[in-house]
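Close look at the chain arrangement
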Amino acid sequence: MQSGEKKTAVRVDTASGLRAGLKAAREEMSVAERARADASIAGRLRAWVDHWLVRRMAAGHDRHVLAAFWPIGAEPDLRALLAGWSDRTGLLLALPIVEQRAAPLAFRQWTPGTTMLAGDFGIPEPQHQVTLLPDLVLVPLLGFTDDGDRIGYGGGFYDRTLAALRDRGHAATAVGVAYACSRLAPGMHNPEAHDVRLHAVVHEKGWVPAEP
């Protein structure tokens, strides 16, 4: 942990209480703080994805699918970064859609001109007809540990999705995206058997466990 950085230490007795505390910590950030954090996260991701693409091209891949997320509430906003990535040759962008509850997410292609309409849970979804299989998934979250374990919103969508990709032999790299205030102190979260650990989490102050 970098000097001056604090981990969230909200006293809670239930999972719902923990999620409420994490949401509150995120919402306490000012507009200016969030804008600075978004810029820092975008810079870290931009540099890392550049290296990720080089590694994939060296391995013989000529098409690369990056699945991101549309920000809701006080989540990090990566839309400007996505717009910049849309011009990269060979890089296809996708956003998640809920086809049915209690099932894995699907990912539809997205470009800056794609129409977005509210889907299940009111989250904007691309109205593109092409569904893509992601090689890299940027995952939203409420809280994260130093080991890369994630606390989401309780629906289990990303755990099911990442497990389904792995089970079909397409184990996508999963990178969580968060603010540093969502970093949990040791002992605050014990993952369950169905939870899928992320390869890494990026926040405005760095990576945990390490840059993948």
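This one's a predicted model, so the numbers in the text were calculated from it and none came from an experiment. (Residues numbered from 1 in each chain as written. Predicted model: local features only at pLDDT ≥ 70, side-chain atom pairs only at ≥ 80, totals over all residues. Heavy atoms only, no water.)

**Brief notes about the environment of M116**
Positionally, M116 belongs in strand β4 (residues 116–118). Placed 73 residues apart in sequence, M116 and G43 show a C-alpha to C-alpha distance of 25 Å. When near neighbours in sequence (up to four residues on either side) are disregarded, M116 contacts W70, L95, W110, P124, E125 and P126. (Helix = DSSP H or I, 4+ residues; strand = E, 2+ residues; numbered from the N terminus. Contact = heavy atoms within 4.5 Å.)

**Considerations on the sheet that holds strand β6 (residues 136–140)**
Strand pairs in the sheet, formed through backbone hydrogen bonds, run parallel or antiparallel to each other. Ordered by their spatial adjacency, seven strands build an open sheet running β3-β2-β1-β6-β9-β10-β11, and the pairing between neighbours is mixed. Of all strands in the sheet, those bounded by a partner on one side alone are β3 (106–109) and β11 (206–208). Taken pair by pair, the neighbouring strands of this sheet meet at an average axis angle of 30°, ignoring direction. Alignment of strand β1 (residues 64–67) against strand β2 (residues 91–97), held across four bridges, turns out to be parallel. (Pairing = 2+ DSSP bridges. Axes fitted to C-alpha atoms, helices over the stretch in contact; angles between N-to-C directions.)

**A look at unusual backbone geometry**
At the junction of V208 and P209, the peptide bond is cis and its omega measures out at -10° in the coordinates. Looking at the element boundaries, P209 is found in the segment after β11. The backbone of A102 sits at a positive phi, close to 60°, despite the residue not being glycine. Residue position: A102 is located in the loop between β2 and β3. Its identity as a non-glycine residue notwithstanding, F121 has a phi of 70°, on the positive side. Here F121 is to be found in the loop between β4 and β5 (124–126). According to the relative accessible area criterion, F121 is partly exposed, its value standing at 47%. (Buried < 20%, exposed > 50% of the residue type's maximum accessible area, 1.4 Å probe, protein only.)

**Concerning the side chain of R56**
Along the chain, the position of R56 falls in helix α2 (residues 31–58). Residues in contact with R56, not counting those within four places in the same chain, are H61, R63, H64 and D135.

**Remarks on the nonpolar core**
Counting residues in hydrophobic clusters, the biggest one holds 54 residues, and the most contacted among them are L45, L66, W85, V137 and L138. It is α2 that provides the largest number of residues to this core, a total of eight residues. Excluding anything up to four places from it in sequence, W85 contacts L45, R46, V49, L66, L91, L93 and L138. Of all hydrophobic cores here, the second largest spans five residues; its members include L18, L22, L142 and I151. (Core = buried A, V, L, I, M, F, W, Y, C linked by side-chain atoms within 4.5 Å.)

**Observations concerning the packing of aromatic side chains**
Within the structure shown, the criterion is met by four aromatic pairs. Aromatic side chains W48 and W52 sit 6.4 Å apart centroid to centroid with 20° between the ring planes, which places their arrangement in the stacked category. Of this pair, W48 and W52 both sit in helix α2, separated by four residues, roughly a single helical turn. Each member of the pair, W48 as well as W52, is classed as buried. Here the aromatic rings of F121 and F157 are separated by 5.7 Å at their centres, their planes lie at 80°, and the arrangement is edge-to-face. Taken as a pair, F121 in the loop between β4 and β5 and F157 in helix α4 (residues 157–167) lie far apart in primary sequence, 36 residues in all. Every member of this aromatic cluster is reached through a ring pair, and the members are W48, W52 and W207. (Phe/Tyr/Trp six-rings, centres within 6.5 Å; stacked < 30°, edge-to-face > 60°.)

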